[in-house]
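The residues making up each chain are set out below.
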Amino acid sequence: MGRMSLILYKYLDITGARRMIANQNLQFTNASQLNDPFDCHSKLIDYSNVPDFKAKDIIHKEWEQEVGENKALNLRNNTWLCSLSKVNDLLLMWSHYCYNHKGVCIGLDMDKVMESVPPMFGEIYLKPLVLDV
């Protein structure tokens, strides 16, 4: 007996749903452009707790903190997300993603999505990941 496909849901207003169906695509948004400015924000990670250094190494500690913050910022700027839900009828999702609670919720068979999403993002070859958040 085969495994059941995972179905995830995309909440959209009517315009977004029409575009998605007409173009047969999913919208991926850059992590720096999400509607919640704190999502994936590099400043939410504390890089000040680097290993103890001697007093003369305080410059090294500050450098380590800055390097960590820059790496997180670069990762955020190079990350693209498509947010989906496990639930097809959440009031909060209808209010946030469907204009005046009027829209659609489209179920996506993730096996078929993964077969059709090209694994090339920019110059980097990456297979898309499905992660619980």
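Scroll up to find the structure.
Okay, so let's go over this structure. (Residues numbered from 1 in each chain as written. Predicted model: local features only at pLDDT ≥ 70, side-chain atom pairs only at ≥ 80, totals over all residues. Heavy atoms only, no water.)

**Brief notes about the nonpolar core**
Working step 1: Among the nonpolar cores identified, the biggest contains eleven residues, and these are Leu8, Leu12, Ala17, Met20, Leu26, Cys82, Ile106, Leu108, Met110, Val113 and Val117.
Working step 2: Setting aside residues up to four positions removed in sequence, Leu26 forms contacts with Met20, Cys82, Leu108 and Val113. (Core = buried A, V, L, I, M, F, W, Y, C linked by side-chain atoms within 4.5 Å. Buried < 20%, exposed > 50% of the residue type's maximum accessible area, 1.4 Å probe, protein only. Contact = heavy atoms within 4.5 Å.)

**Considering the environment of Asp13**
Working step 1: Residue position: Asp13 is located in the loop between β1 (7–12) and α1 (14–23).
Working step 2: Judged by its relative accessible area of 29%, Asp13 falls in the partly exposed class.
Working step 3: Those residues in contact with Asp13 that lie beyond four places of it in its chain are Tyr97, Cys98, Tyr99, Lys102 and Gly103. (Helix = DSSP H or I, 4+ residues; strand = E, 2+ residues; numbered from the N terminus.)

**Concerning the layout of surface pockets**
Working step 1: In this model, the second largest pocket occupies a volume close to 270 Å³.
Working step 2: Counting residues per element, the ones that place at least two in the lining of the second largest pocket are α1, β4 (104–109) and α4 (110–116).
Working step 3: Grouping the constituent residues of the lining of the second largest pocket by class yields eight nonpolar, three polar and no charged. (1 Å grid on protein atoms, 1.4 Å probe; cavity = no way out; pocket = protein on both sides within 12 Å on 5 of 7 lines; lining within 4 Å. Points joined across faces, edges and corners; volume = space filled by probe spheres on them. Nonpolar A, V, L, I, M, F, W, Y, C, P; charged D, E, K, R; others polar.)

**Describing unusual backbone geometry**
Working step 1: The backbone phi angle of Gln24 is positive, close to 50 degrees, even though this residue is not glycine.
Working step 2: With respect to the element layout, Gln24 can be found in the loop between α1 and β2 (29–30).
Working step 3: Overall, Gln24 belongs to the exposed group, its relative accessible area being 72%.

**Brief notes about the pattern of salt bridges**
Working step 1: Considering all chains together, one arrives at one salt bridge under this definition.
Working step 2: Among the salt bridges present, the one from Lys86 reaches Asp132, with a minimum N-O distance of 3.3 Å. Of this pair, Lys86 sits in the loop between β3 (80–81) and α3 (91–97) while Asp132 sits in the segment after β6 (124–125), and the two are 46 residues apart along the sequence. A single burial state applies to Lys86 and to Asp132, both of which are exposed. (Salt bridge = Lys/Arg side-chain N within 4 Å of Asp/Glu carboxyl O.)

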